[in-house]
Amino acid sequence: MPYDCIIAGAGIAGATSARILAERGKKVLLVERRPHIGGNCYDEKDDHGILVHVYGPHIFHTGDEGVREFLSRFTEWYDFGHEVVAKVGDKLIPIPFNLNTLHMVYDGQKADRLEKKLIEAYGDGSRVPIMKLRENDDPDIREIAEYVYKNIFLYYTMKQWGQKPEEISPEVTGRVPVVISRDNRYFGDKYQSEPLHGFTKMFENMLSHENIDVWTDTDCRDMLEFSDGKIYCKGKEYGGDVIYTGALDELFDCKFGRLPYRSLDFKFEHLIQDSFQGHSVVNYTVSEDFTRITEFKFLTGQKDAKGTTIVREYPFAYTGAEGETPYYAILNDENEALYEKYRELADGYPKLHPLGRLAEYKYYNIDAMCRRAMDLTENL
Ligand code: FAD
Ligand code: UDP
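Since the structure is predicted, the reported quantities are computational estimates derived from the model, not experimental observations. (Residues numbered from 1 in each chain as written. Chains lettered and ligands numbered in written order. Predicted model: local features only at pLDDT ≥ 70, side-chain atom pairs only at ≥ 80, totals over all residues. Heavy atoms only, no water.)

### Let's talk about the overall build of the protein chain
A count of helical and extended segments in the protein chain gives 12 helices and 22 strands. Over its C-alpha atoms the protein chain spans a radius of gyration of 22 Å, differing by no more than 12% from the 21 Å that the globule rule assigns to 380 residues. The 380 residues of the protein chain split such that 56% are buried. Long-range pairs, those at least 24 residues apart, make up 70% of the contacts in the protein chain between residues at least 6 apart in sequence. (Helix = DSSP H or I, 4+ residues; strand = E, 2+ residues; numbered from the N terminus. Rg over C-alpha atoms; globule rule 2.2 N^0.38 Å. Buried < 20%, exposed > 50% of the residue type's maximum accessible area, 1.4 Å probe, protein only. Contact = heavy atoms within 4.5 Å.)

### A short note on the site of ligand 1
Ligand 1 sits among 31 residues. The nearest are Glu32, His58, Ile59, Tyr364 and Ile366. Arg34 places a polar side-chain atom, nitrogen or oxygen, 3.5 Å from an oxygen atom of ligand 1. Contacts to ligand 1 include Pro57, whose backbone N or O atom sits 3.0 Å from a nitrogen atom. Of all the secondary structure elements, the ones that give two or more residues to the shell around ligand 1 are α1 (12–23) and α12 (366–378). Of the residues contributing to the shell around ligand 1, the split by class is 13 nonpolar, 11 polar and seven charged. (Near = heavy atom within 4 Å. Polar contact = N/O pair within 3.5 Å; in protein donor to acceptor, adjacent residues only side chain to side chain. Nonpolar A, V, L, I, M, F, W, Y, C, P; charged D, E, K, R; others polar.)

### Examining the sheet that holds strand β14 (residues 230–233)
The strand order across the open sheet built from three strands is β13-β14-β15, with neighbouring strands paired in antiparallel fashion. Of all strands in the sheet, those bounded by a partner on one side alone are β13 (224–227) and β15 (236–237). Of the strand pairs in this sheet, β13 and β14 are connected by four bridges, and their pairing is antiparallel. Opposite Ser227, over in β14, you have Lys230 as the bridge partner. (Pairing = 2+ DSSP bridges.)

### Here's the deal with unusual backbone geometry
Cis geometry is found at the peptide bond from Ile95 to Pro96, where omega equals 0°. With respect to the element layout, Pro96 can be found in the loop between β8 (91–95) and α3 (99–105). Even without a glycine there, the phi angle at Lys234 is positive, about 50°. Relative to the elements of secondary structure, Lys234 occurs in the loop between β14 and β15. Under the relative-accessibility criterion, Lys234 is labelled exposed at 56%. The backbone of Cys254 shows a phi angle near 55°, a positive value even though the residue is not glycine. As for its placement among the helices and strands, Cys254 is situated in the loop between α9 (248–251) and β17 (261–271).

### Structural notes on the site of ligand 2
By nearness alone, 16 residues border ligand 2, and Trp161, Arg175, Tyr186, Tyr328 and Tyr363 come closest of all. The separation between a nitrogen atom of ligand 2 and a polar main-chain atom of Ile152 is 2.9 Å. Between ligand 2 and the protein, one listed contact pairs an oxygen atom with a side-chain N or O atom of Trp161 at 2.8 Å. When isolated, ligand 2 has an accessible area of 520 Å², and the protein chains bury 94% of it. Counting residues per element, the ones that place at least two in the shell around ligand 2 are α6 (139–161) and α7 (170–173). It is α6 that contributes the most residues to the shell around ligand 2, six residues altogether. Residues belonging to the shell around ligand 2 are distributed by class as follows: nine nonpolar, five polar and two charged. (Areas by Shrake-Rupley, 256 points an atom, 1.4 Å probe, with all protein chains shown as cover.)

### Side note on the state of the cysteines
Enumeration over the complete set of coordinates arrives at zero disulfides. Take Cys41: it sits in no disulfide, and the sulfur closest to it among the cysteines is that of Cys370, at 10 Å. Among the cysteines around Cys220, which has no disulfide bond, Cys233 carries the closest sulfur, lying 9.8 Å off. For Cys220, a relative accessible area of 6% puts it in the buried group. (Disulfide = S-S within 2.5 Å.)

### Looking at a negative patch on the surface
On the surface, Glu171, Asp333, Glu334, Glu336, Glu340 and Glu344 cluster together to form a negatively charged patch. At five residues, helix α11 (residues 333–347) tops the list of elements feeding residues into the negative patch. Following the sequence through the fold, Asp333 ends up in helix α11. (Patch = residues over 30% accessible without salt bridge, like charges linked within 9 Å, V, L, I, M, F, W, Y side chains within 5 Å. Salt bridge = Lys/Arg side-chain N within 4 Å of Asp/Glu carboxyl O. Lys, Arg positive; Asp, Glu negative; His and termini not counted. Charge placed at Lys NZ, Arg CZ, Asp CG, Glu CD.)

### Points about the packing of aromatic side chains
Considering all chains together, one arrives at 20 aromatic pairs under this definition. Stacked on the ring of Tyr55, the Lys or Arg Arg34 has its end atom at 3.9 Å from the ring centre. (Phe/Tyr/Trp six-rings, centres within 6.5 Å; stacked < 30°, edge-to-face > 60°. Lys NZ or Arg CZ within 6 Å of the ring centre and 35° of its normal.)

Structure (structure tokens):
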């Protein structure tokens, strides 16, 4: 194998690593079992010419200047403040729940009083996880917390995770805090954008380097073997580095049992009308058995596109069956202990580097994943 490094998985973790190593003069082979690059960020034009995110809506958001600078070498950006609304009864209310939402839910005087209390308790501009807000003893704040818990978190979380908010890691619900401000944007980061010509184009540019070969439709497990601390590639001992960004249990034939993940079924629909919902994302927090509907033309600025394409997301428990994709690690002590067993096994191979949302069994965003890949390759 004439490669210094083999990388499995062409998502943001694999592509960032490949580019950095290639620029340092390393010969890199990137293998991807899907027929395309981009991992879960992959986008493509559908049959109606609308750019869709095949694995659910992705927005690049970050406060990390280094990550933004790195990715800006491979794309220009369509900057916008991503806003999400929740359908509660016949109202569409801004999510995260913020002071604007407060004034839509409660009448004038009461909303003014509650606003004052929230600011006094937490400070103007603060971001309070719902599970923290529920611990507040003040009956007024408790009332808001209960409203938010019941109308925004409970049913959506039951659908997404099959568990109540108090049963899942607080890190997960903490991603969408109650925001004590009038900012309707979903994220609090300095930069919020889509790659101007799509994620796939950005990945193509990242991987376009003379030191990188990309093999799609290639499962690394068909070429790599791990035995007694040594890595074999196509039967011969391989002395280079292997960066693996797939699920770690799968690399070791699930020998300690399967790591639990949540999966999603994406149901796309094209409609011959200008607009379906007038918003990029509507969360269904108290009704329906899907979690959210994304309308792509509003997500990616394709407002003049003819017709409109939407996608509904139906969560389910990943079983490992053919055709299913693991999307979300289910963070709890038991699952993390099982993950550690696989990690110990991986640690027996000093040249094997598990990296990524799946391989590290973590809830990373795109920017955090890019940063992790920058840090790992720095030290290789
Ligand atoms: P992936 O993108 O999953 O890439 C891993 C790749 O490895 C895959 O292409 C897979 O096919 C390949 N692979 C696995 N096993 C093998 C093998 N054995 N051999 C070869 N290849 C293999 N983050 C944001 O910042 N903003 C968002 O708006 C956002 N929205 C999201 C919406 C959804 C529905 C989901 C599920 C995630 C979202 N994320 C978002 C998170 C984002 O997708 C991840 O942070 C990012 O994709 C992680 O990159 P990765 O390279 O670790 O994994
Ligand atoms: N969540 C919720 N209602 C919402 C939005 C989020 O209950 O309207 C909870 C849910 O548990 C979800 C978590 O907060 O899984 C994190 O939401 P986020 O939007 O970050 O999820 P992602 O986009 O990663 O699927």
